[in-house]
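A look at the structure
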Amino acid sequence: MYKHGIERVHVELTDKCNAECPGCFRSHYGGIVDSNIKNVQLDLNYFKLLGEDFIKSINYWLFCGTRGDPMSCTEIVDILEYIKSINENAGVDVLTNGGMGSAKQFRRMSDILQGNESGFGRGSMTFSVDGWEDTNHIYRKNVKWDKVMRNILAYKEGPGLAQWDFLVFEHNVDDIPKVKEFCKEHDIQLKLKQPFGFANGPSHPNLDTMAVHSRKDGSYMYEIYPDTKTKQYDYDFYAKETTENDFYNKNVIAKSAKYRTQLRTRTEGYDDMYSYYWLREHNNLDVDCHAIKQKELFIDCDGMFLPCCFLGGSWFAKDNQLRDMVGDESLLIPSETNSVEDILQSKFFNKTIPDGIEGNLKDPVGHCVKCVQTCGKWPDRSHFDTSGDWA
Ligand code: SF4
Ligand code: SF4
């Protein structure tokens, strides 16, 4: 599928994390950890296995993932140093909640991410921090504020660029001026972001709340409300741009009493992707593959190659269509006998995924459901005459 090669790699170094965010696949709404979490990490040997030629050919690395914080990987500094020793011009970005890792590690990362003397290979550390001392842990449950501050300041003692990603909620909107001030003082770029998880579909004008569950027993604890009062946000203080708040003035429906008393799992529905059989009736879904456009590959914390983190999340959630598309997953994991080249030339990358994008899969749906959801035009189902069992 990568006719023009691969230039960017998104790596999920680990599925370990200190945080309990309700929007994350690692757990069920911040509660019970998903049974698929293994607390594993990629190590330096894995990157050596990828081969110097491959690493040399990559000009951008993103360390993020779908179910773990890269700073929870104990070998992250060694891995970054190794990659830079092979291609010092490669840019590297790392995203973290800031609450894991030592001050020493963050200070060292600042040197590594600064790039080389000729100005190439500059990357940055993005701190995902949603509020201030009294509010960050409402969404970033279990993240310790003093560690976040210690690590940001340790990082900023060095030359590395930093960004602060701030998800705006009702409970933290008043912290924005304080965070702006801090970012200005420490030369950190601030990005105000609208969170996912509130909109409940195009045909529903109201917003949902986001429930947060207990790690101890999975019970409902509280819910998070979107900010519906602010019309627009200053995008960041450098660009002085503004962005509209899509949630402005919308009605928010709180969780029902029934919801509050039931244990919920986060990955419901992923084992039933063939219920989207009705997509077969559509042939203008216009799937425009982000991975192909960006020449990007995703590597998950088991070392498995997939085109993108969207499929990475689906794989983790046990998407049954994707499981059938993949078949033997060991064929997508590099080893002494299975090279990077073998994987990229495999049937999965060169036939199955293109078929999933174009609607040519020999399964009840035809399209890869996740590809349509992520990179295509999701059809208005009212045009499809069904008396079937869809609910
Ligand atoms: S910090 Fe990231 S990996 Fe950790 S729980 Fe939150 S979203 Fe998931
Ligand atoms: S979801 Fe599918 S179409 Fe979108 S980037 Fe991934 S592989 Fe490509």
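It should be noted that the structure appears before, not after, this text.
First things first, this report covers the structure right here in the doc. What you see is a predicted model, and the numbers here were worked out from it, not measured in a lab.

Here we come to the overall build of the protein. Counting its secondary structure elements, the protein contains 14 helices and 14 strands. Expected size for 391 residues packed as a compact globule is a radius of gyration near 21 Å; at 22 Å, the protein falls within 12% of this value. Taken over the C-alpha atoms alone, the protein extends approximately 65 × 55 × 40 Å along its principal axes. Counting only contacts in the protein whose residues sit at least 6 apart along the sequence, the fraction spanning at least 24 positions is 75%.

Taken N-terminus to C-terminus, the directions of helix α3 (residues 76-86) and helix α4 (residues 103-113) make an angle of 15 degrees; their axes are 10 Å apart at the nearest point. Classified by the angle their axes make, α3 and α4 are roughly parallel. Of the two elements, α3 crosses α4, and the hand of that crossing is left-handed. Two secondary-structure elements touch here, α3 through Val-77, Leu-80, Glu-81 and Lys-84 and α4 through Gln-105, Arg-108, Met-109 and Ile-112.

Along the chain, the position of Ser-314 falls in helix α10 (residues 309-316). A tally of 27 C-beta atoms within 10 Å means that Ser-314 is categorised as buried. Not counting residues within four places of it along the chain, the set of residues in contact with Ser-314 comprises Tyr-270, Asp-319, Leu-322 and Lys-370.

The sheet built from 8 strands is open, its strands ordered β6-β5-β4-β3-β2-β1-β13-β14 with mixed pairing. Each having just a single partner strand, β6 (189-193) and β14 (305-306) make up the two edges of the open sheet. Where strand β13 (residues 296-299) lies against β14, 2 bridges are found, and the strand directions are antiparallel. By the bridge assignment for β14, Ile-299 is matched with Phe-305. Seen against the sheet, helix α7 (residues 176-185) touches β5 (161-167) and β6 and runs at an angle of roughly 155 degrees to β6.

Okay, the site of ligand 2 next. In the region of ligand 2, 15 residues are neighbours, and Cys-289, Pro-307, Cys-308, Cys-371 and Cys-375 sit closest. For the shell around ligand 2, the secondary-structure elements that each account for two or more residues are α9 (290-294), α10, α13 (347-358) and α14 (369-375). A per-element tally of the shell around ligand 2 places α14 first, with 4 residues. Residue composition of the shell around ligand 2, by class: 12 nonpolar, 2 polar and 1 charged.

So, on to the environment of Ala-291. For Ala-291, the location among the structural elements is in helix α9. When the 26 C-beta atoms within 10 Å are taken as the criterion, Ala-291 is described as buried. In this structure, the C-alpha to C-alpha distance between Ala-291 and Arg-8, residues 283 residues apart in sequence, is 9.2 Å. Not counting residues within four places of it along the chain, the set of residues in contact with Ala-291 comprises Glu-296, Pro-307 and Cys-308.

Okay, the site of ligand 1 next. Near ligand 1 the following residues occur: Cys-17, Ala-19, Cys-21, Cys-24, Arg-26, Arg-67, Gly-68, Asp-69 and Asn-97. A breakdown of the residues in the shell around ligand 1 according to their chemical character gives 4 nonpolar, 2 polar and 3 charged.

Further remarks concern α4. Among all positions of α4, only Phe-106, Arg-108, Met-109, Ser-110, Ile-112 and Leu-113 are buried. As for α4, its buried residues are in contact with α3, β3 (91-96), β4 (124-128), α6 (145-156) and β5. Among the residues trailing α4, Gly-115 stands out with phi positive, at a value near 90 degrees.

Once that is clear, we can look at the packing of α4 against α6. The relative placement of two packed helices is expressed as an angle between their axes plus a distance between the axes. Between α4 and α6, the shortest axis-to-axis distance is 7 Å and the interhelical angle comes to 35 degrees. Every pair of crossing elements has a handedness; the one defined by α4 and α6 is right-handed. Packed against α4, whose contacting residues are Ala-103, Phe-106, Arg-107, Met-109 and Ser-110, the element α6 presents Arg-150, Asn-151, Ala-154 and Tyr-155 at the interface. By residue class, the composition of the contact of α4 with α6 is 5 nonpolar, 2 polar and 2 charged.

We now examine α3. Of all the residues in α3, the buried ones are Ile-76, Ile-79, Leu-80, Ile-83 and Lys-84. For α3, the buried positions fall inside an angular range of 130 degrees around the axis, keeping them on one side. Looking at the buried side of α3, the elements it contacts are α1 (44-50), α2 (52-57), β2 (60-63), β3 and α4.

Only one face of β6 is covered, namely the one carrying Leu-190 and Leu-192; the face carrying Gln-189, Lys-191 and Lys-193 has none of its residues buried. Note: β5 against β6, 5 bridges, orientation parallel. In the strand pairing of β6, Trp-164 is matched with Leu-190. Each parallel crossover has a hand, and for β5 linked through α7 to β6 it is right-handed.

The next subject is the pairing of β3. Of the two faces of β3, the one holding Val-92, Val-94 and Thr-96 is buried and the one holding Gly-91, Asp-93 and Leu-95 is not buried anywhere. Pairing analysis gives 4 bridges linking β2 to β3, with the strands arranged parallel. Residue pairing across strands places Trp-61 opposite Val-92, the latter belonging to β3. Each parallel crossover has a hand, and the one from β2 via α3 to β3 is right-handed. Judged from the 4 bridges that link them, β3 and β4 form a sheet pairing that is parallel. In the strand pairing of β4, Thr-96 is matched with Phe-127.

Conventions and cut-offs
Along every chain, residues carry numbers that run from 1 in the direction the sequence is written. Note on labels: chains are lettered from A, ligands numbered from 1, in written order. The model is predicted, so local features are restricted to residues of pLDDT at least 70 and side-chain atom pairs to those at 80 or more, both for listing and for counting; the totals for chains, interfaces and linings are taken over all residues. Starting at the N terminus, helices and strands are each numbered in turn, a helix being any DSSP run of H or I of at least four residues and a strand any DSSP run of E of at least two. The size measure is the radius of gyration over C-alpha atoms, and the globule rule it meets is 2.2 Å times the number of residues to the 0.38 power. Throughout, a pair of residues is in contact if the C-beta atoms placed from their backbones lie within 7 Å. For helices, the axis comes from a line fit to the C-alpha atoms of the stretch in contact; other axes are also lines fit to C-alpha atoms, and the angle between any two N-to-C directions lies between 0 and 180 degrees. Comment on the angle field: the value is read as roughly parallel under 35 degrees, roughly antiparallel over 145, roughly perpendicular from 65 to 115, and oblique elsewhere. Left-handed describes a crossing whose near helix is turned anticlockwise from the far helix through less than a right angle; right-handed describes the clockwise counterpart. Three exposure classes are used, based on other C-beta atoms lying within 10 Å of a residue's own C-beta, which is placed from the backbone: buried for 20 or more, exposed for 12 or fewer, and partly exposed in between. In this description, strands pair whenever DSSP reports at least two bridges between them. A residue counts as near a molecule or strand when its C-beta atom, positioned from the backbone, falls within 6 Å of it. For this classification, the nonpolar set comprises Ala, Val, Leu, Ile, Met, Phe, Trp, Tyr, Cys and Pro, the charged set comprises Asp, Glu, Lys and Arg, and every other residue, Gly included, is treated as polar. The directions from the helix axis to the C-beta atoms are what the arc is built from. Orient the strands so they point away from the viewer; a crossover is then right-handed if the path from the first strand over the helix to the second runs clockwise.

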